[in-house]
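Survey of secondary and tertiary structure
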Amino acid sequence: MRADHKVLIHDATHSRWLSFSEPRGIFAVDDPDDLLPALQEIEERVQKDNLWAAGWLSYEAAGAFDSALITHPPTAFPALWFGLFECVECVSFESMLSAEHVNVFQQTVWSLNTDLDKYAAKIEQIKDEIRDGNTYQVNYTIRQFADLDISAEDAFLGFASNARYGAFLDTGRFAVCCASPELFFDIDGDTIVSRPMKGTAPRGRFLEEDKRLKQALCQSEKN
């Protein structure tokens, strides 16, 4: 186990950054068949030893919950990674930030793994699949690549200052940086809260404004 495993998570509910370090245990799973037993053991350890669990489930973990979901074959990147931590510390984002590193990240040149024609063709294919009733939503993403002269953590700090649901996870071999404005879900007792960005609109101040916002949403080609 590496002592330098580190996790930073923005707690949007209380507007604070939480720092986890020196894990008591690490769970890294590649095979979807091992995911549910691992999650059960993680939950048991959290309850029994009064620990914090911080980590991720990748898209490729979906098959463990529904065999009908087709995912890519396992790779070196874990489908599940969680660290179990005894202590958590509240930290100031400003205290972690270096202006020099931020400037280096912002000036980085990025390259895409696809061109505009292929991108447009994929979007049209997705629209066809939606019209045919084969899917109702597709999270289509493309990859960007860049060579950085700074650490993954410094790169993360360079773009995550306003990330409501920001997270940084250093596993030693991989680093995951998240600057999402969306909340996938939050569970508190019997209450589950989701705060998506796409396909939504704010509530109006009165009924007529509500109707205008609803109509604009329905007429949006994207949403």
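The paragraphs below set out a description of the structure included in this document. (Residues numbered from 1 in each chain as written. Predicted model: local features only at pLDDT ≥ 70, side-chain atom pairs only at ≥ 80, totals over all residues. Heavy atoms only, no water.)

**What to know about unusual backbone geometry**
Here is the rule we go by: Put simply, DSSP marks the helices as runs of H or I at least four residues long and the strands as runs of E at least two long, and each gets a number from the N terminus on. Remark: exposure states derive from per-residue accessible area (1.4 Å probe, protein chains only) relative to the maximum for the residue type, with buried under 20%, exposed over 50%, and partly exposed in between.
Its identity as a non-glycine residue notwithstanding, Ser15 has a phi of 50°, on the positive side. Within the secondary structure, Ser15 is located in the loop between strand S1 (6-11) and strand S2 (16-21). Assessed through its relative accessible area of 61%, Ser15 is described here as exposed. In this model, Asn50 sits at a positive phi of 55°, which is unusual for a non-glycine residue. The residue Asn50 is located in the loop between helix H1 (35-49) and strand S4 (52-57) in this model.

**A short note on the sheet that holds S4**
The condition that has to hold: DSSP bridges decide pairing: two strands pair if at least two such bridges lie between them. Axis angles are defined between N-to-C directions and span 0 to 180 degrees, where every axis is a line fitted to C-alpha atoms and, for a helix, only to the segment in contact. Contacts between residues were defined by any pair of non-hydrogen atoms, one from each residue, lying within 4.5 Å.
Reading across the sheet, the 3 strands line up as S3-S5-S4 and stay open at both edges, with antiparallel pairing between neighbours. Only two strands of the sheet have a single partner each, and these edge strands are strand S3 (25-29) and S4. Going across the sheet, the axis of each strand differs from the next one's by a mean of 10°, ignoring polarity. For S3 and strand S5 (residues 80-85), the ladder comprises 5 bridges, and the chain directions are antiparallel. By the bridge assignment for S5, Gly25 is matched with Leu84. Against the sheet, H1 contacts S3, S4 and S5, and its axis sits at roughly 10° relative to S5.

**Description of a negative patch on the surface**
Threshold: Residues enter a patch when their relative accessible area is above 30% and they make no salt bridge; the linking distance is 9 Å between like charges and 5 Å between nonpolar side chains (Val, Leu, Ile, Met, Phe, Trp, Tyr). Computed by Shrake-Rupley with a 1.4 Å probe, the accessible areas treat only the displayed protein chains as cover when residues are assessed. By convention in these notes, a salt bridge is any Lys or Arg side-chain nitrogen within 4 Å of a carboxyl oxygen on Asp or Glu. We count Lys and Arg on the positive side and Asp and Glu on the negative side, and we leave His and both chain ends out. A charge is said to be at NZ when it belongs to Lys, at CZ for Arg, at CG for Asp and at CD for Glu.
A contiguous patch of negative charge, built from Asp30, Asp31, Asp33 and Asp34, is present on the exposed surface. If you trace the backbone, Asp30 turns up in the loop between S3 and H1. Under the relative-accessibility criterion, Asp30 is labelled partly exposed at 39%.

**Looking at a nonpolar patch on the surface**
Among the surface-exposed residues, Leu112, Leu116, Tyr119 and Ile142 lie close enough to one another that they form a single nonpolar patch of about 390 Å² accessible area. Structurally, Ile142 can be placed in the loop between helix H4 (116-131) and strand S8 (144-145). Accessibility expressed as a relative area gives 32% for Ile142, which makes it partly exposed.

Bear in mind that shape data such as this cannot, by itself, settle questions of function.
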